[in-house]
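Here are the chains, one letter per residue:
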Amino acid sequence: MSRRTIRNLLVALGLIGSATVYASCSRAGASRVGDTSDAAQRVYVSPGKYDEFYAFLSGGFDGQVGVYGLPSGRLLKHVPVFSQHTENGWGYSEQTKAMLVTSYGPVPWDDAHHPQLSQTKGVPDGRWLFINGNNTPRIARLDLTRFETEEILEIPNSAGNHSSPFVTENNEYVVAGTRFSVPAPQRDVSIERYKEDFSGVLTFVRVDSATGHMAIAFQIRLPAFDYDLSHSGKGPSHGWTFFTSYNSEQGNSKLEVSASQNDKDYIAAINWQQAERCVGQNKASSEPARYAHNLVGEDGIARTEWGASVKMLTADACPGMVYFLPTPKSPHGVDVDPTGEFIVAGGKLATVIPVHSFRKMQKAIADKAFSGDSHGIPVLKYEATLAGEVQNPGMGPLHTEFDGKGNAYTSMFLSSEIVKWRLEDFKVLDRAPTYYSIGHLMIPGGDTRRPYGKYVLALNKITKDRYLPTGPELTQSAQLYDISGDRMKLLLDFPTIGEPHYAQALPAEMIKSKQMRMYPIMGNKDPYAVTSEMKTKVERKGRVVHVTMTSVRSHFMPDKIEGIQVGDSVFFHLTNLEQDWDVPHGFAVTGANNSELLMMPGQTRTIVWVPQRVGVFPFYCTDFCSALHQEMQGYVRVSPRGSNVRLAWNTPGAPQPGLAMADDDHEDHENGKGDHQ
Amino acid sequence: MTRTSRIVVALAALLLLLLYVTPLWRIELHAPQYPEGLGLRIWVDQIAGANPNDLNSINGLNHYIGMHAIEPDDFPELRLMPWLLGGLIAGGLLVALIGRRGPLYAWLQLIALGAVAGLVDFYRWGYAYGHELDEHAAIKVPGMSYQPPLIGSKQLLNFEASSWPDLGAWIAALTLAIGLTVAVLEYRRARVRSAARRAPVRRVAATAIA
């Protein structure tokens, strides 16, 4: 790119930036947004240069994770998690389809809400990213050297896994909480028996510190409320996890009204170290529960193991494990500041932002400053735990993140803005509009002990007139603000893949150099992997045919296969023999009822093809791999069921196509090579 | 030869031991798709990629132009060269032990001969790989051959190929340079000495006048 082109691009970006300023000013007044005249320069990452942060934005009801660079907002990768992904065969290939298995069978979609980076000593350690599946309760773990989903654990006794996964500060646990209370275990009861027969179950999932492997440690049965969000304590409050709840009214219909009656609902403060002690003292009952645990093995193949029971704790059996903190008006987010002292709730219908003090909570527990109990769980006095309230913050407070400099930033859904306030005196310092209806917001490291308080990212539900219109269905968006100064400055506004529900970010330097470039072919343990073209083969086992095939620039081996019959299950096992960076190969065959395959260098992937018609069908490489990519193709011949066309393929030394043994069709057997019988 | 010269020659010979652990020659390939580059390193006993998979990748790419795959086992020189190098080192030590100029000159000629032979051999292999191409190759450019430069850079289709001495070659050159320096000094010392032998009177006289 010439210098002139770059200059033009800069000018164009500058114009876009200025346009944003004008738009912002005309809507909200210049003083609200601050000076953004240098916005274009602040987010411009010149071609070939890297972003400062990796940001992981959940895809919301698209079921994946989008990886973006900040500050540019450039999309770096779409990582499929809970949703099948035809581009690389995720959830379709034989190696990956077990990842989406649940006790309900394969569930090829989920609603992915809250990414959470693994932490050591309360700060991101760059090892894993956890994310919850909301619809069919699950937690997934992504490996950050490959940016691939490695494990998915189903959560039994739960429904609507929303308050999840929110790690503890050394990855001791990721948590799950049910947004919809249900009969647990499930049984056939009237919905009218909600109060009597439903419960809200919280789950603590142990994370192995070496491997990251997850296992359900214990569950806690609580009253049938809607457990909405959570965050784990840090520093002094390490050992506790806080879950917000709404619907303490226990309505079971038209919750928008029935669950909005009480002045206060509760934050459930869970002392998980106490829970551990109770489990250790055998105070948990073992309850049968069937749940899937899907894990990618060393051979790169995902397999399902089945859980059979859980350890269930109740407040009665484990005193001191759970307390309720009254919190105004159906609280949504619950966020713990970097010092671990302040617990900020987002009472989405409240007129204030209540801030609880962990220290005061400890004292209130010691002093038994209870206002009563709810379903046998002690309810602490609101005043006894309250550190303060942010007055007139705006409308619809949802979530709060922290900049590590004593300030908090709360998203306001209804007034569509970010409000900056001070933890010291709960005074509002600044506010900036968002376009529109912000849900979560994210400061890199902003929910950890050490925020990188340089930017805040607004994650917006509605975009309306922000971009060129695209029919009724419009994109969601993220908006980047500079928070390094006193005033927030809008820098950038970019559309996202899927709903950016919540996000996490870490400095690129932390994981950039750890990225895997390829799979070592000699370490490929897939049972159908081959290390050389000469070892490729086709084998029939009844109605199942295994094609062990290789791809390397720019051909498949074999690329001619005969002897397949209509209705066979043909397993194409493709090994990418390349040991070169960024040389994936694809594989697609006509009429496949699933997806294509994408094989990274050194990797084996398998897709099943069930041919439905007689004919000769091409297969080809889909990922533009080389100058002769278009030539990377082959044919598979499909004969009628029961045909005596023998199995043949063109690997040297194999039975060759065309040398038909009892071939009863009238093909031309060139050069008299046909072996007529 | 003086004691110092003999020690220096011995050290120069021992310097060649480093050739067992450093590559002699390097070939670098750069293309738009390979900003990080691919590389070959020629060692005294092997040909290897600069990175573990480079040789494999280079062979993979070369198949398009019909070039033979580079297989280290195809080079008998690589089995011979460690012994020749050992011989040169032993020879250098022997020269130091004998301490006479004749063997020193012979040793230096052997090193120079080895270097020239190595370059000739390298050129011949380069020529063979660059010209003996599969007639069914995917990419055939009339009149094009793919011989890498003996030394320097050359554009071969989308790749810029560079060939330069690596550390081992520079060490060998250093050994040769040290040896030559010693040889020159010894030669001059001997000439002064023989001149002195031929004209002892004049020298005494000169000393007397001084």
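### Notes on the overall build of chain B
Stage number 1. Across its full length, chain B carries six helices and five strands.
Stage number 2. Counted from the first residue to the last, chain B has its helices and strands arranged as α-β-β-β-α-α-α-β-β-α-α.
Stage number 3. For 210 residues, the compact-globule formula gives about 17 Å, and the C-alpha radius of gyration of chain B, at 24 Å, lies well above that figure.
Stage number 4. Overall, the C-alpha framework of chain B stretches about 85 × 30 × 30 Å when taken along its three principal axes.
Stage number 5. Here chain B holds 210 residues, and the buried ones make up 24% of them.
Stage number 6. Pairs at least 24 residues apart make up 64% of the contacts formed inside chain B by residues separated by at least 6 positions.

### Topic: the overall build of chain A
Stage number 1. The secondary structure content of chain A amounts to nine helices and 44 strands.
Stage number 2. Radius of gyration (C-alpha) of chain A: 28 Å, near the 26 Å computed for a compact globule of 677 residues.
Stage number 3. When its C-alpha atoms are laid out on the principal axes, chain A stretches across 95 × 70 × 45 Å.
Stage number 4. The buried share among the 677 residues of chain A stands at 53%.
Stage number 5. Of the contacts made within chain A by residues no fewer than 6 positions apart, 61% connect residues no fewer than 24 positions apart.

### What about the nonpolar core?
Stage number 1. In this structure, V205, I270, V456, L457 and Y481 of chain A are the most contacted members of the largest nonpolar core, which totals 133 residues.
Stage number 2. In this view, V456 of chain A contacts E401, Y409, I418, L441, M442, I443, Y481, I483 and M488 of chain A; residues no more than four positions away in its chain are not counted.
Stage number 3. Core analysis: the next-biggest nonpolar cluster, separate from the first, contains 33 residues, L24, W43, M81 and A161 of chain B among them.

### Some details on the sheet that holds strand β24 (residues 386-391) of chain A
All names here are of chain A.
Stage number 1. Spatially, four strands are ordered β19-β20-β21-β24 in an open sheet, and the strand pairing comes out antiparallel. Either end of the sheet is taken by a strand with one partner, and the two such strands are β19 (331-336) and β24. Each adjacent strand pair in this sheet contributes to an overall mean axis angle of 20°, direction not counted.
Stage number 2. In the packing of helix α7 (residues 358-366) onto the sheet, the strands contacted are β20 (342-347), β21 (352-357) and β24, and the crossing angle to β21 comes to about 60°.

### Remarks on the pairing of strand β2 (residues 34-42) of chain B
Residues and elements named next belong to chain B.
Stage number 1. Pairing of strand β1 (residues 25-31) with β2, which is carried by six bridges, proceeds in the antiparallel orientation. Opposite L29, over in β2, you have L38 as the bridge partner.
Stage number 2. In sequence, β1 turns back onto β2 through a hairpin of two residues.
Stage number 3. Two elements, β2 and strand β3 (residues 47-49), share three bridges in a ladder whose sense is antiparallel.

### Section: unusual backbone geometry
Residue and element names in this part refer to chain A.
Stage number 1. Cis geometry is found at the peptide bond from R553 to S554, where omega equals 0°.
Stage number 2. Residue position: S554 is located in the loop between β35 (544-552) and β36 (555-557).
Stage number 3. With an omega of -10°, the peptide bond running from M557 to P558 counts as cis.
Stage number 4. Here P558 shows up in the loop between β36 and β37 (560-565).
Stage number 5. Of note, the phi angle at S437 is positive, near 55°, even though the residue is not glycine.
Stage number 6. For S437, the position within the fold is in the loop between β28 (428-433) and β29 (438-442).
Stage number 7. The phi dihedral of D582 is positive, around 60°, even though this residue is not glycine.
Stage number 8. Here D582 is to be found in the loop between β38 (569-576) and β39 (585-589).

### Details of the environment of L349 of chain A
Residue and element names in this part refer to chain A.
Stage number 1. Tracing the chain through its elements places L349 in the loop between β20 and β21.
Stage number 2. When the 15 C-beta atoms within 10 Å are taken as the criterion, L349 is described as partly exposed.
Stage number 3. Here the alpha-carbon distance between L349 and G320, two residues 29 residues apart in the chain, equals 30 Å.
Stage number 4. When near neighbours in sequence (up to four residues on either side) are disregarded, L349 contacts S260, K329 and S330.

Conventions used here
Residues numbered from 1 in each chain as written. Chains lettered and ligands numbered in written order. Predicted model: local features only at pLDDT ≥ 70, side-chain atom pairs only at ≥ 80, totals over all residues. Helix = DSSP H or I, 4+ residues; strand = E, 2+ residues; numbered from the N terminus. Rg over C-alpha atoms; globule rule 2.2 N^0.38 Å. Buried ≥ 20, exposed ≤ 12 C-beta atoms within 10 Å, placed from the backbone. Contact = placed C-beta atoms within 7 Å. Core = buried A, V, L, I, M, F, W, Y, C linked by C-beta atoms within 7 Å. Pairing = 2+ DSSP bridges. Axes fitted to C-alpha atoms, helices over the stretch in contact; angles between N-to-C directions.

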